[in-house]
Amino acid sequence: MQIEEKKNILIVGSSPNAWALIQKLKTYDFIGNIYITTVDKTFSQIADIVDIREDRPAELLEFVLENNISMTVVIDEKAVKSDIENLFISNEQSIFAPSKESCEIFFDKGLCKKFLYKMRIKTPKFTIFDKENLAIDYLNNLNFPIIISACGENVRYAVSTVAGARVFIKDLFFRGVEKIVIEEYIYGDEFSYYFLTDGYKILPITTCSNRKFLQDNIGGIITDGVGGFAPNYKISAESKLKLEELAERIMLNLQAEGTPYMGIFGIDGVIQADGEIFVLQVANFFKDTDANTVLSLVEDNVYNLFESCINGNFADDYDEIKVSPRTSISCELKAKYDNKPISGLDLIDKNEISMSGLNFNSENQTLTSKIQKIIITKSASTLSRASSALYEDIDCIDFEGKIFKTNITSLHED
């Protein structure tokens, strides 16, 4: 009997969404060694660390050729911008990644807003500025709160006063940001609807409800997410159908421009109390707090899904992505202080936790970091049961200065 050779995988990226993907892949018997490009020692618990920067595709290609890598999965933005996808394909290497050209609207807020406007997709009113004085003068014409974003950077800020907006605008231009976007704040429930595509066929995965503010009100930096749950029960079947049609239009437009997008992407939006939906942006891959929330529900083999996209068989192999009827919920634990001992991590199921950015002492004891991300995920037959189990797990983890969102399941974040 012939023994099937195990598949070695390289993950290019080093955030909790990479952790969640690694843990999902490790559940398959045919997976061999998993490598990850990072200097974050946290990941040594689940993968072999590769000390190569994400934006050095030639060195990564050399590593792949030397280590019998069956598939490279790219999550990191710098790697995509370095044109790693083109280099790997030119050298006949299997890579699950979008092309550099197809990702322009995913990585630049200003380009994304223009794209949505051009396609007549309903999005909050916005204006783009490349001069500080014009942006500050514009504030006098606005109703607050507003959202201020940096083009080309993952920075969003919700402000409720002119004074606060001035401070943030000055800071962005002082740091060298070339352009900013000012847009109206839309009240409602923020969500993401995730899809998988080979660049031509698109299949929906599931919806997530996102919590962006750490505190229980509006204000301050808008994170990628401090918690959320899937599926988002506020998104009706009719709304999902409309979002699926939008996803088709977006991908068809990229195809028409000769830049088809392959990978996972999300439509980020806000649904208001009356069911009206505003699209905020399109996003590359899963957000950190959404990754395990979604992947814990996916019943199809994720490696096979990715491989099907790479090999051009996606349209023939899949009519849908099978997703569990259960509910999944996640919450991120942040830390006020550096280097405080953490206890209780060993009490959490390894498939229900994602981490990055932790510190370690000389005895390899796990310590806090102000940039840490510890994300706990629980699944159950109902949202209330999943939520109860989640906060029970959070109580098991103890460290000085623990901060987390206490109302993940609340209807609104306003």
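Quick summary incoming for the structure in this document. (Residues numbered from 1 in each chain as written. Predicted model: local features only at pLDDT ≥ 70, side-chain atom pairs only at ≥ 80, totals over all residues. Heavy atoms only, no water.)

### What about the overall build of the chain?
Scanning the chain from terminus to terminus reveals 13 helices and 21 strands. Taking 414 residues into account, the globule formula puts the C-alpha radius of gyration at 22 Å, and the chain, at 21 Å, falls close to it. Within the chain, contacts between residues at least 6 apart in sequence are counted, and of these 69% link residues at least 24 apart. Once the 43 positive and 62 negative side-chain charges of the chain are each reduced to a mean point, those two points are 5 Å apart. (Helix = DSSP H or I, 4+ residues; strand = E, 2+ residues; numbered from the N terminus. Rg over C-alpha atoms; globule rule 2.2 N^0.38 Å. Contact = heavy atoms within 4.5 Å. Lys, Arg positive; Asp, Glu negative; His and termini not counted. Charge placed at Lys NZ, Arg CZ, Asp CG, Glu CD.)

### Structural notes on the packing of aromatic side chains
Working definition: an aromatic ring pair is given by the centre-to-centre distance plus the angle between the planes. If you walk through the whole model with that rule in mind, you get 19 aromatic pairs. Geometrically, the ring pair formed by F30 and Y303 is edge-to-face, given 5.3 Å between the ring centres and 75° between the ring planes. Of this pair, F30 sits in the loop between helix 1 (16-25) and strand 2 (31-37) while Y303 sits in helix 11 (residues 302-311), and the two are 273 residues apart along the sequence. Residues F96 and F306 carry aromatic rings whose centres are separated by 3.9 Å and whose planes lie at 10° to one another, so their mutual orientation is stacked. Of this pair, F96 sits in strand 5 (residues 95-96) while F306 sits in helix 11, and the two are 210 residues apart along the sequence. Taken together, the ring pairs connect F106, Y193, F195, Y261 and F265 into an aromatic cluster. Note that K340 overlies the ring of Y337, its terminal NZ or CZ placed 6.0 Å from the centroid. (Phe/Tyr/Trp six-rings, centres within 6.5 Å; stacked < 30°, edge-to-face > 60°. Lys NZ or Arg CZ within 6 Å of the ring centre and 35° of its normal.)

### Structural notes on the sheet that holds strand 1 (residues 7-12)
Within the open sheet, the five strands sit side by side as 3-2-1-4-5. Their pairing is parallel. Whereas interior strands pair on both sides, the edge strands pair on one side only; in this sheet they are strand 3 (48-50) and strand 5. Both strand 2 and strand 3 contribute to a ladder of three bridges, which runs parallel. Counterpart to I36 in the pairing with strand 3 is I49. (Pairing = 2+ DSSP bridges.)

### Overview of helix 1
Counting buried residues in helix 1 gives ten out of ten residues, a clear majority hidden from the surface. Of all the residues in helix 1, the buried ones are P16, N17, A18, W19, A20, L21, I22, Q23, K24 and L25. (Buried < 20%, exposed > 50% of the residue type's maximum accessible area, 1.4 Å probe, protein only.)

### Let's talk about the pattern of salt bridges
According to the stated counting rule, one finds 20 salt bridges in the structure shown. A salt bridge links E153 to R175; the shortest N-O distance between them is 3.4 Å. Placement of the pair is E153 in the loop between strand 7 (146-150) and strand 8 (156-159) and R175 in the loop between helix 8 (162-174) and strand 9 (180-184), with a sequence separation of 22 residues. A network of salt bridges, in which partner residues are shared, links K109, K113 and E183. (Salt bridge = Lys/Arg side-chain N within 4 Å of Asp/Glu carboxyl O.)

### What about helix 13 (residues 383-396)?
Along its 14 residues, helix 13 runs 20 Å from first to last C-alpha, staying within 8% of the 20 Å computed at 1.5 Å per residue. Buried within helix 13 are the following residues: L383, A386, S387, A389, L390, Y391, D393 and I394. Tucked inside the fold, the buried residues of helix 13 contact strand 13 (227-230), strand 16 (327-335), strand 20 (373-380) and strand 21 (402-403). (Expected span 1.5 Å × (residues − 1).)

### Some thoughts on unusual backbone geometry
Residues F144 and P145 are joined by a peptide bond in cis, for which omega reads 5°. Relative to the helices and strands, P145 resides in the loop between helix 7 (132-138) and strand 7. At the junction of A230 and P231, the peptide bond is cis and its omega measures out at -5° in the coordinates. For P231, the position within the fold is in the loop between strand 13 and helix 9 (237-256). In this model, N339 sits at a positive phi of 60°, which is unusual for a non-glycine residue. Note that N339 resides in the loop between strand 16 and strand 17 (353-356). Here N339 falls in the partly exposed class, since its relative accessible area comes to 46%.

### Brief notes about the environment of M251
Secondary-structure assignment places M251 in helix 9. Along the sequence, M251 and E77 sit 174 residues apart, while their C-alpha atoms lie 19 Å from each other. Setting aside anything within four residues of it in sequence, one finds M251 in contact with F106, T197, I202, Y261 and F265.

### Focus: the pairing of strand 20
Within strand 20, six of the eight residues are buried, leaving the element largely enclosed by the surrounding structure. In terms of strand pairing, strand 16 meets strand 20 through seven bridges, oriented antiparallel. Paired with T327 across the strands is A380, a residue of strand 20. Alignment of strand 17 against strand 20, held across four bridges, turns out to be antiparallel. Counted as the bridge partner of S354 is I375 from strand 20.

### Focus: the nonpolar core
For soluble globular proteins, nonpolar side chains are generally found buried alongside one another. Core analysis: the largest hydrophobic core is formed by 64 residues, its most contacted members being I11, L21, L196, F286, F306 and I374. Considering each element in turn, this core owes the most residues, six residues, to helix 1. Beyond its immediate stretch of four places on either side in the chain, L196 contacts F96, K201, I202, L203, I205, G263, I264, L305, C309, F314 and I321. (Core = buried A, V, L, I, M, F, W, Y, C linked by side-chain atoms within 4.5 Å.)

### Some points on the side chain of S99
Within the fold, S99 resides in the loop between strand 5 and helix 5 (104-107). According to the relative accessible area criterion, S99 is buried, its value standing at 10%. In contact with S99, not counting residues within four places along its chain, are V80, E85 and P260.

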